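Read off the chains here:
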Amino acid sequence: MSNKYDVIVIGSGPAGYVAAIRAAQLGLKTACIEKWKSKSGKGVNGGTCLNVGCIPSKALLDSSHKYSEAKEAFGGAHGIATGEVSIDISSMLARKDKIVKQMSGGISGLFQANKVTALYGSGKLLAGHKVQFTDSEGKEEILEADNVILASGSVPVNIPVAPIDKDVIVDSTGALEFPEVPKRLGIIGAGVIGLELGSVWGRLGSEVVLLEAMDTFLSIMDQQIAKEALKIYKKQDLDIRLGCRVTGSEVIIKGDAKEVEVTYTDKDGKEAKQTFDKLVVCVGRRPFTDELLAEDSGVKLDERGSIYVNDLCSTSAPGVWAVGDVVRGPMLAHKGSEEGVMVAERIAGEKTVMNYDIVPNVIYTHPEIAAVGRTEEQIKADGEPYKVGVFPFLAIGRAVAADETDGMVKIIAHAETDRVLGCHIVGPSAPDLVQQIAIAMEFGASAEDIGMTVFGHPTYSEAVKEAALAVGGHAIHMPNKKKRK
Ligand code: FAD
Ligand code: AMP
C-alpha cells in the first residue's frame, strides 16, 4: 500500500470522520488515523461523541427517562398500573455499550463503502504535511499527504481540588459507568454535561447536588429560558447550588465503602462541606493536542490551547487544517462535522463556507433546552433593535394531551426588518423545533414568514408558530400584550 495520500485526517470523532468521508466522496485518496481503543483493546472510530459523549449519554438519558416515566408518570391521571418498577443497571449499561458498538461499527462500514483507509494508532504532524503514524504495536511509518486535517478533539478539564481517581471522583466518562446508583451524588459544574448526567442518576434515585461556581445559571443561554429551566429542574429535585465554588475534596474510607467530603465556598462566601458517595467533575473540556504536533510542524496554538485557525479552518501551516473541538468555537459534534465538510470541499477546490451564526445548541434534560442564533442578552449588547415573541406550551393542545406543558418558545426578531435573530426553547421536542427555526434562519426568514406557515395540528411545533405570531403581537391562543399593527 502506498503511503502517499491526498488527505490524511488525524482523529475520527464527528469532525474527523465526516471530513474523511466527504473528502473520499470528492475523489480524494483519504486515510483517517485513530488511536481510540475499545474496552477489548480494538481500534474504534467515533471519538468522544460516539464512545463517551453524545451517544452513550443519550442512551442513558433515554433509559432513565423511560424508568422515571414508568415509575412516576404512568399512574395517576393516566390510570396505568405498572406494579413495582425496578431497573437493572448492568442491563442499562450493556444496552448503552451495544449502541456505542453499533454506531462505531457504522463508521467503519462507511469508511469501507467510501474507500477511506482506516489506520488504527496515533498520528503526529511533522513539517511539510508529513505524518508520523505509530500503529498499536508501536511500529512507525512516515506518511505523506497534500493536505492534513487535524481533528484531535478535546478531553475533560481536571481541577486540582478534585483529582480524578476513577473510583469515587470521576469525570463524565466515569459517570457513564457507575455499576450501581450512588445514593448521594455530587457534581461539580452545572453546565450542559453536569445537568445531563445529574438528570440520568437523579431519575434512577440518586440525591443529586450540583455545585456551580457562577452566580448565573447557564450564563451562555438566553436568561429567560435559563430561569424557566431552573424552576423546572428544581421541581425534579435537582439541587442546583449557584455561587458555590469547590475548593477541596477528601476521599474517606469507611469500612468497605468510600465517600468523598467536598469543601466549597457558598454564595455568601462561607465555607461549607458536603459528603457524597460519588463525585463527578464536569467543569468543561479542553482542546487535546498532546503528542500531536512536532516542534517544526508550523501549526500554532492560541492562548487557550486550541489550534489557531481562520474562518475556513486553515491553520498557520500551509496545507494543514483543523476542525472540531480542537479549534475555537462551541464544543459541539455538529459544529465539528460541518467544519469537516467545509474543509474537505475546500481541499477539493469548492468554495464552501460555514455559517457559524446558525449552530444549534441542546441540553438533553427533560424537558430539553435548545437554542439557535443570538440570545436576548447578546442582541441587547450588540445594540440592535429587537422584538420578542414568547409562547408557553401550557396553551398547546398537544402538550396538554401529553402532560408536557412545562416550558416555552421564545423567538427574537429584528425590530425593523422582522428577520429572526434567535430562537430559544425549553420544552417538549425543543431540539427538533429549534431546528425548524435554524432552517428558516438559513433562508433569512422573518417572524412573519414563520407565522404565515401552516403548521400541523395538534403538534408541539404550533408553539413555534404562535411565538412567531406573538413577535408581531397577534398570537391566537393567548392574549397579546401588543395590538397588531
Ligand atoms: P472527538 O470526538 O474528541 O474526537 C477526537 C478523536 O481524535 C478521538 O477519537 C481521539 O482518540 C483522536 N485522536 C486525538 N489525538 C490523536 C492522535 N494524535 N492520533 C490519532 N488519533 C487521535 N456534543 C453535541 O453536539 N451534542 C451532545 O449531545 C453532546 N453530548 C456530550 C456528552 C458528553 C458526556 C460529552 C463528554 C460530550 C458531549 N458532546 C456533545 C460534545 C461532543 O462529544 C464533542 O463536541 C465532539 O465529540 C467533538 O468532536 P471532535 O471530532 O472534534 O473530537
Ligand atoms: P460547561 O462549560 O458547560 O461544561 O460547564 C462547566 C461549569 O463548571 C461552568 O459553569 C463553571 O462555572 C463550573 N465550574 C468550574 N470550576 C468550578 C469549581 N471549582 N466549583 C464549581 N463549579 C465550577
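Source: prediction; values computed, not measured.

Cut-offs applied
Throughout this document, residue positions are counted from 1 along each chain, in the order its sequence is written. The naming scheme follows written order: chains are lettered A onward, ligands numbered 1 onward. pLDDT decides what is reported in this predicted model: residues at 70 or higher carry local features, side-chain atom pairs at 80 or more are listed and counted, and totals for whole chains, interfaces and linings draw on all residues regardless. Side-chain numbers come from the whole structure's heavy atoms, not from hydrogens or water. We call a residue near a molecule or strand as soon as one heavy atom of that residue lies within 4 Å of the molecule or strand. Here a polar contact means two N or O atoms within 3.5 Å. Within protein one must be a hydrogen donor candidate and the other an acceptor candidate, and residues neighboring in sequence count only if both atoms are side-chain atoms. Using a 1.4 Å probe, the Shrake-Rupley method yields the accessible areas, and only the shown protein chains count as cover for residues. Labels follow the DSSP assignment, with helices taken as runs of H or I lasting at least four residues and strands as runs of E lasting at least two, numbered in each case from the N terminus. Lys, Arg, Asp and Glu make up the charged group, whereas Ala, Val, Leu, Ile, Met, Phe, Trp, Tyr, Cys and Pro make up the nonpolar group; the residues left over, Gly among them, are polar. Interaxial angles span 0 to 180 degrees and are taken between N-to-C directions of axes, which are lines fitted to C-alpha atoms, for helices over the stretch in contact. The sense of a crossing depends on the near helix, which, turned anticlockwise from the far helix by less than a right angle, makes the crossing left-handed and, turned clockwise, makes it right-handed. By the convention used here, residues are in contact when the closest approach between their heavy atoms is within 4.5 Å. The pairing criterion for strands is at least two bridges between them, as found by DSSP. These descriptions rest on fixed angle ranges, namely under 35 degrees for roughly parallel, over 145 for roughly antiparallel, 65 to 115 for roughly perpendicular, and the rest for oblique. Exposed residues in this analysis have more than 50% of their type's maximum accessible area, buried residues have under 20%, and partly exposed residues fall in between, with area computed by a 1.4 Å probe over protein chains only.

## Topic: the site of ligand 1
Point 1. Glu-34, Thr-48, Lys-58, Asp-325 and Ala-333 are the nearest of the 37 residues found near ligand 1.
Point 2. Lys-35 has a polar backbone atom sitting 3.3 Å from a nitrogen atom of ligand 1.
Point 3. Between Thr-48 and ligand 1, the recorded distance is 2.6 Å, taken from a side-chain N or O atom to an oxygen atom.
Point 4. Protein burial of ligand 1: of its 990 Å² of free accessible surface, 95% is covered by the chains.
Point 5. If you list the elements that add at least two residues to the shell around ligand 1, you get helix H1 (14-25), strand S2 (30-34), helix H2 (47-52), helix H3 (54-73), strand S3 (117-125) and helix H7 (333-347).
Point 6. Among the elements that line the shell around ligand 1, the one with the most residues is H2, at four residues.
Point 7. Residues belonging to the shell around ligand 1 are distributed by class as follows: 16 nonpolar, 16 polar and five charged.

## Thoughts on the packing of H3 against helix H5 (residues 192-203)
Point 1. Close contact between H3 and H5 brings their axes to 8 Å; oriented N to C, the two are set at 35 degrees. Considering only the axes of H3 and H5, their crossing is left-handed. Of the residues in H5, those in contact with Ser-57, Lys-58, Leu-60, Leu-61, Ser-64, His-65, Tyr-67 and Ser-68 of H3 are Glu-196, Ser-199, Val-200 and Arg-203.

## A closer look at the sheet that holds strand S7 (residues 169-170)
Point 1. Sheet architecture is open: five strands sit in the order S7-S14-S8-S9-S10, paired in parallel fashion. A single partner strand is all that each edge strand has here, and the edge strands are S7 and strand S10 (239-242).
Point 2. In this structure, strand S8 (residues 184-188) lies alongside strand S14 (residues 278-281), joined through four bridges in parallel fashion. Bridging across to S14, Gly-186 finds its partner in Leu-279.
Point 3. Sitting on the sheet, H5 is in contact with S8, strand S9 (207-212), S10 and S14, with an inclination near 165 degrees to S9.

## A word on the packing of H1 against H7
Point 1. One can describe the packing of H1 onto H7 by two numbers: an axis separation of 7 Å at closest approach and a directional angle of 30 degrees. Classed by the angle they form, the pair H1 and H7 counts as roughly parallel. Seen along the crossing, H1 lies across H7 with a hand that is right-handed. Only Ala-333, Gly-336, Ser-337, Gly-340, Val-341, Ala-344 and Glu-345 of H7 make contact with H1, whose side of the interface consists of Pro-14, Ala-15, Val-18, Ala-19, Arg-22 and Ala-23.
Point 2. Taken together, the residues that form the contact of H1 with H7 break down as eight nonpolar, three polar and two charged.

## So, unusual backbone geometry
Point 1. In this model, His-366 is joined to Pro-367 through a cis peptide bond whose omega is -5 degrees.
Point 2. Relative to the helices and strands, Pro-367 resides in the loop between strand S17 (361-363) and strand S18 (368-373).
Point 3. With an omega of -5 degrees, the peptide bond running from His-457 to Pro-458 counts as cis.
Point 4. With respect to the helices and strands, Pro-458 occurs in the loop between helix H11 (447-452) and helix H12 (462-471).
Point 5. Phi angles above zero are rare outside glycine, and Lys-115 is one such case at about 60 degrees.
Point 6. Along the polypeptide, Lys-115 turns up in the loop between helix H4 (89-114) and S3.
Point 7. Even without being glycine, Asp-237 reaches a positive phi, approximately 65 degrees.
Point 8. With respect to the helices, strands and loops of the structure, Asp-237 is situated in the loop between helix H6 (223-235) and S10.
Point 9. Asp-237 sits in the exposed class, given a relative accessible area of 65%.

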